[in-house]
Amino acid sequence: MKIEEFLEKLNVDFFTGVPDSRLKALCNYLMCKYKVDPKHHIIAANEGNAVAIAAGYHLATGKIPVVYMQNSGEGNTLNPLASLTNPEVYNIPMILIIGWRGQPGLKDEPQHVYQGKITTEFLEMMGIAYAEIDEGTQIKEIEKLMKKFNENLKNGKNVAFVVKEKGLEFNGKIKYKNSYKLSREKIVELVTQYSENDMIISTTGKASRELFEIREKNHENHNTDFLTVGSMGHASSIALGIAINKPNKKIWCIDGDGAALMHLGAMAVIGKYKPKNMIHVVVNNGAHETVGGMPTVFCNDESKKSISLADIALDCGYEKVFVAKTEKELEFALHEAKNATKLTFVEAYSAIGARKDLGRPTTTPIENKEAFMKKLQQ
Ligand SMILES: Cc1ncc(C[n+]2csc(CCOP(=O)(O)OP(=O)(O)O)c2C)c(N)n1
């Protein structure tokens, strides 16, 4: 179904959410039509944040907002859906559009399998009426459905569309780019070189896939690396938990700007405890590159300088903070980080993009965990 025709039936003009690869058609359409014009489109920090922004939009306008997300984000929405928008609380209507990874019957990555199974059960549990959209869904069906959904919305209830593979399409083209030269893969490779035999916790998405492939290419062991394949935004907190309890090991975290933003409070907690054996490297491409390239609030636009993650780290109490925009600057920062005895932060600016033939980890998460724990005990 064409995204334009689908949205016309919804009759909405405000969207907020977190980008998803299944929803590329919607995400790219919104970027082409609105970019990030706050009256129409806000890319949120996390999915719960999006529900709250949408609630504010409804309170101010009385209109129906759309919240879009990957099904991985359902958990982040649970609290505001249960205690803010729910009919037994404030009764605030919105339309959820959810990309269905781990759709039963289709092969997907391990982090999507369980979430895929419980995606619609979650909606049932939350009392949210939903419809599935797949490749064959006709616009007439949406028209009919919206008659029913509009009744729900009028009564303050939320409704949802769960979008399966190829459920929505968009023919427009959009290229996401910035002015930085270093690739994320190069940054990850340099971290593996400078960290030597230290432990690395890497973030959700392509950074972890690149880390895995770099180890393969260099015939190195994977047992120093914990690939946080799901749980976006939590890699740095996992690193904190390890760093505190293994003070004689150096713990590196390779994070993304979208992931750091998703649970930004984690940096304040890390800064409070200041593990001196922890190095937090954020690859800042200003984008959710893994799922298509839509911007984060750390994106430099033409008019304004972006928010500085390095400044946030300093304010949170990180003790050594570096900004690297070139390979030379990054090598310097990583060398200093390796020798530091204080909580260290490196903001590494990166281009948007990845190798077309980038693979996926060939070991399971349980194998990863067991090898990692064993190595950590040595
Ligand atoms: C809770 C949750 N929401 C959304 C996603 C989908 N997702 C996977 S990677 C990613 C983007 C990560 O962006 P960033 O951390 O900046 O890393 P980049 O891909 O740019 O390297 C998103 C949104 C997810 N896995 N989990």
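Up top is the structure.
Residues numbered from 1 in each chain as written. Predicted model: local features only at pLDDT ≥ 70, side-chain atom pairs only at ≥ 80, totals over all residues. Heavy atoms only, no water.

Undergrad: For the pattern of salt bridges, give the residues involved together with the corresponding values.
TA: Counted under the stated rule, the structure contains 19 salt bridges. Where Arg-184 meets Glu-210, a salt bridge forms, and the shortest distance between an N and an O atom there is 2.8 Å. With a gap of 26 residues between them, Arg-184 in helix H7 (residues 184–195) and Glu-210 in helix H8 (residues 206–217) connect regions that are remote in the sequence. Assessed through its relative accessible area of 1%, Glu-210 is described here as buried. A salt bridge links Glu-289 to Lys-206; the shortest N-O distance between them is 3.3 Å. Placement of Glu-289 in the loop between strand S11 (287–288) and strand S12 (294–295) and of Lys-206 in helix H8 is noted, with a sequence separation of 83 residues between them. Lys-206 carries the same exposure label as Glu-289, and that label is buried. Beyond isolated ion pairs, a larger network of salt bridges with shared partners links Arg-184, Lys-206, Glu-210 and Glu-289. (Salt bridge = Lys/Arg side-chain N within 4 Å of Asp/Glu carboxyl O. Helix = DSSP H or I, 4+ residues; strand = E, 2+ residues; numbered from the N terminus. Buried < 20%, exposed > 50% of the residue type's maximum accessible area, 1.4 Å probe, protein only.)

Undergrad: Tell me what's going on with unusual backbone geometry, and back it up with residues and numbers.
TA: Positive phi is not limited to glycine here, since Asn-11 has a value of about 60°. Examined against the element boundaries, Asn-11 turns out to sit in the loop between helix H1 (3–10) and strand S1 (15–17). Since its relative accessible area comes to 69%, Asn-11 is described here as exposed. A positive phi angle is found at Lys-35, which is not glycine, with a value near 50°. Looking at the secondary structure, you find Lys-35 in the loop between helix H2 (24–34) and strand S2 (41–43). Assessed through its relative accessible area of 59%, Lys-35 is described here as exposed.

Undergrad: Give a detailed account of a negative patch on the surface, specifying residues and quantitative values.
TA: There is a patch of like negative charges on the surface, built from Glu-4, Glu-5, Glu-8, Asp-134, Glu-135, Glu-141, Glu-165 and Glu-169. The element contributing the most residues to the negative patch is H1, with 3 residues. (Patch = residues over 30% accessible without salt bridge, like charges linked within 9 Å, V, L, I, M, F, W, Y side chains within 5 Å. Areas by Shrake-Rupley, 256 points an atom, 1.4 Å probe, with all protein chains shown as cover. Lys, Arg positive; Asp, Glu negative; His and termini not counted. Charge placed at Lys NZ, Arg CZ, Asp CG, Glu CD.)

Undergrad: Provide a residue-level description of the packing of helix H11 (residues 265–273) against helix H12 (residues 309–316), including the pertinent values.
TA: Any two packed helices are characterised by the angle at which their axes cross and by the distance between the axes. Relative orientation of the contacting elements H11 and H12 amounts to 45°, with a least axis distance of 8 Å. In terms of axis orientation, H11 runs oblique to H12. Only Leu-309, Ile-312, Ala-313 and Cys-316 of H12 make contact with H11, whose side of the interface consists of Met-267, Ala-268, Gly-271 and Lys-272. Class assignment of the residues belonging to the contact of H11 with H12 gives a composition of 6 nonpolar, 1 polar and 1 charged. (Axes fitted to C-alpha atoms, helices over the stretch in contact; angles between N-to-C directions. Parallel < 35°, antiparallel > 145°, perpendicular 65-115°, else oblique. Contact = heavy atoms within 4.5 Å. Nonpolar A, V, L, I, M, F, W, Y, C, P; charged D, E, K, R; others polar.)

Undergrad: Explain the side chain of Asn-71 to me, and be specific about the residues and the numbers.
TA: Topologically, Asn-71 is positioned in the loop between strand S3 (66–70) and helix H4 (74–85). Separated by 2.9 Å, the side chains of Asn-71 and Thr-119 make a polar contact. Each residue touching Asn-71, except ones within four places of it in the same chain, is listed here: Ile-98, Gly-99, Trp-100, Arg-101, Gln-115, Gly-116 and Thr-119. (Polar contact = N/O pair within 3.5 Å; in protein donor to acceptor, adjacent residues only side chain to side chain.)

Undergrad: Please give an account of the packing of aromatic side chains that cites residues and values.
TA: Within this structure, the stated rule accounts for 9 aromatic pairs. Between Tyr-29 and Phe-170, the aromatic rings sit 5.7 Å apart at their centres with planes inclined by 85°, giving edge-to-face as the arrangement. Pair noted here: Tyr-29 is in helix H2 and Phe-170 is in the loop between strand S6 (159–163) and H7, with a separation of 141 residues, a long-range link. When sorted by exposure, Tyr-29 lands in the same class as Phe-170, which is buried. Among the aromatic residues, those joined into a cluster by ring pairs are Phe-6, Phe-149 and Phe-161. (Phe/Tyr/Trp six-rings, centres within 6.5 Å; stacked < 30°, edge-to-face > 60°.)

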